[in-house]
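Listed below are the residues making up each chain.
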Amino acid sequence: MLDDTLVDAYLNRIGVARPERLDAESLRLLHAQHELTVPFETIDYHLGKEIFIDERVVEKIVYQNRGGGCGEINNAFHYLLEALGFDVTLHQGRVWLGHEFTPPYNHSVTTVRIGEQRWLSDVGLGRSSRYPLLLESPQPQEDPHGTFSTKRVADNATDVFRADALQYRFYDEPVVAADGMQVLWWYRTSPDSPFLQNLSCTLPTENGRIILRENKLVVIDGDERRIERLTNDDDLLAAYDKYFGIKLDAPPKPSPHVKKSMRMSYERD
């Protein structure tokens, strides 16, 4: 479990004071601030760096001011909630891509039990809800990032929708981070990996979203959308710093193993 020093540094990273109560309002604030400060990004996959989904990922997010893929971000947030004392469970899921589900352990989410209610916390899909979703709610849930709903589809499985679009399915059985190591290896090494197909970094803002895919910068602010091609390394490094707070020595390059024809938008911008 994270020690108090790391917990305090994590809270400072996302701009939240240590909660006085472990209630739904505190969870909402933590979730929203995490969404707005920790980007979904695949940079290290293209730099060839080791990827951690155990507690070591927290130091990357906290001390390097970075983000990561779903297994990194959601697992890190799980460790934070656990250290704060929330009643949390880690689950694995299958993302709906194209017209089928990915294999198991391609996504991770946390459920949080507060009293008689259970909340779904997902801060790592790229198009996650800004606030946690109340499970077993019969009504769609309005959110700054869209209208979300959940549907029980089996004794042990729940589907999550954004508007009418299926996002993923997660399963009730508790898992631990180590259960996802084999899938992580595939994401890091396979030419078919969507993280290697996409060099991207994305972060929601109060009124829109910032997306940087390779050298294409998209700034969405309300109904306005600005697109810019960054033609040199200095501009690219400056954009990572300005929009995401990520300082790099050199810009990452798309993996040489990428199959150009298979590139896909994993974060669905």
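Structure shown above.
As the structure is a computational prediction, the values presented were derived from the model and not from experiment.

Cut-offs applied
- Residues numbered from 1 in each chain as written.
- Predicted model: local features only at pLDDT ≥ 70, side-chain atom pairs only at ≥ 80, totals over all residues.
- Heavy atoms only, no water.
- Pairing = 2+ DSSP bridges.
- Helix = DSSP H or I, 4+ residues; strand = E, 2+ residues; numbered from the N terminus.
- Contact = heavy atoms within 4.5 Å.
- Axes fitted to C-alpha atoms, helices over the stretch in contact; angles between N-to-C directions.
- Parallel < 35°, antiparallel > 145°, perpendicular 65-115°, else oblique.
- Left-handed = near helix turned anticlockwise from the far one by under 90°.
- Nonpolar A, V, L, I, M, F, W, Y, C, P; charged D, E, K, R; others polar.
- Buried < 20%, exposed > 50% of the residue type's maximum accessible area, 1.4 Å probe, protein only.
- Expected span 1.5 Å × (residues − 1).
- Polar contact = N/O pair within 3.5 Å; in protein donor to acceptor, adjacent residues only side chain to side chain.
- Core = buried A, V, L, I, M, F, W, Y, C linked by side-chain atoms within 4.5 Å.
- Phe/Tyr/Trp six-rings, centres within 6.5 Å; stacked < 30°, edge-to-face > 60°.
- Lys NZ or Arg CZ within 6 Å of the ring centre and 35° of its normal.

Draft legend 1. Representation of the sheet that holds strand 13 (residues 216–221) in the model. As summarised here, the arrangement of the 5 strands in space is 1-11-12-13-14, forming an open sheet in which the pairing is antiparallel. Looking at the sheet topology across the chains shown, the edges are occupied by strand 1 (40–41) and strand 14 (224–229).

Draft legend 2. Quick peek at the environment of Ala-83. Residue placement: Ala-83 occurs in helix 5 (residues 70–84). Contacts of Ala-83, omitting those with residues within four sequence positions, involve Met-1, Leu-2 and Val-7.

Draft legend 3. Structural context of the packing of helix 1 (residues 4–14) against helix 5. Closest axis-to-axis distance for the helix 1/helix 5 pair is 10 Å, and the angle between their directions is 120°. Taken as axis vectors, helix 1 and helix 5 run oblique relative to one another. Note on packing geometry: the crossing formed by helix 1 with helix 5 is left-handed. Together, Val-7, Tyr-10, Leu-11 and Ile-14 of helix 1 and Ala-76, Phe-77, Leu-80, Ala-83 and Leu-84 of helix 5 make up the contact between the two elements.

Draft legend 4. Structural detail: the packing of helix 2 (residues 24–37) against helix 5. Where helix 2 meets helix 5, the closest approach of the two axes is 12 Å, and the angle between their N-to-C directions is 150°. With respect to helix 5, the axis of helix 2 lies roughly antiparallel. Read as a crossing pair, helix 2 and helix 5 show a hand that is right-handed. In this structure, helix 2 contributes Leu-27, Leu-30, His-31 and His-34 to the contact, and helix 5 contributes Ile-73, Phe-77, Leu-81 and Leu-84. Residues of the contact of helix 2 with helix 5, tallied by class, amount to 6 nonpolar, 2 polar and no charged.

Draft legend 5. Representation of the environment of Trp-186 within the structure. Structurally, Trp-186 is set in helix 6 (residues 181–189). Of the residues examined, Trp-186 reaches a relative accessible area of 33% and is grouped as partly exposed. Aside from chain neighbours lying at most four places away, what touches Trp-186 is Asp-192, Ser-193 and Pro-194.

Draft legend 6. Looking closely at helix 8 (residues 233–244). Taking 1.5 Å per residue as the helical rise, helix 8 with its 12 residues ought to reach 16 Å, and the 16 Å between its terminal C-alpha atoms agrees with that figure. On its buried face, helix 8 is in contact with helix 3 (43–47), strand 11 (200–204) and strand 12 (208–213). Two or three places before Asp-234, at the start of helix 8, stands the capping residue Asn-232, its side-chain oxygen 3.1 Å from that residue's backbone nitrogen. Positive phi shows up at Gly-245, right after helix 8, with a value of about 70°.

Draft legend 7. Representation of the nonpolar core within the structure. By size, the foremost hydrophobic cluster in this structure holds 39 residues, and its most contacted members are Leu-2, Tyr-10, Leu-30, Val-58, Leu-80, Leu-81 and Phe-86. Among the elements of the structure, helix 1, helix 2, helix 4 (57–63), helix 5, strand 4 (107–114), helix 6 and helix 7 (194–197) are those that each provide at least two residues to this core. Of the residues forming this core, the biggest block, 8 residues, is contributed by helix 5. When residues no more than four places from it in sequence are discounted, the contact partners of Leu-30 are Leu-11, Ile-14, Val-16, Pro-19, Phe-77, Leu-81, Leu-84 and Phe-86. Formed by 16 residues, the second largest nonpolar core is a distinct cluster that contains Ile-43, Leu-203, Leu-212 and Leu-217.

Draft legend 8. Main features of the packing of aromatic side chains. Tallying each qualifying case throughout the model produces 6 aromatic pairs. For the pair Trp-96 and Phe-101, a centre-to-centre distance of 4.9 Å together with 75° between the ring planes defines the contact as edge-to-face. Under the relative-accessibility criterion, Trp-96 is labelled partly exposed at 27%. Taking the relative accessible area as the measure of exposure, Phe-101 reaches 18% and is therefore buried. Between the aromatic rings of Trp-186 and Tyr-187, the centroid separation amounts to 5.2 Å while the plane-to-plane angle is 85°, which identifies the pairing as edge-to-face. Here Tyr-187 falls in the buried class, since its relative accessible area comes to 5%. One residue, Arg-28, lies across the ring of Tyr-131, its end atom 3.9 Å from the ring centre.

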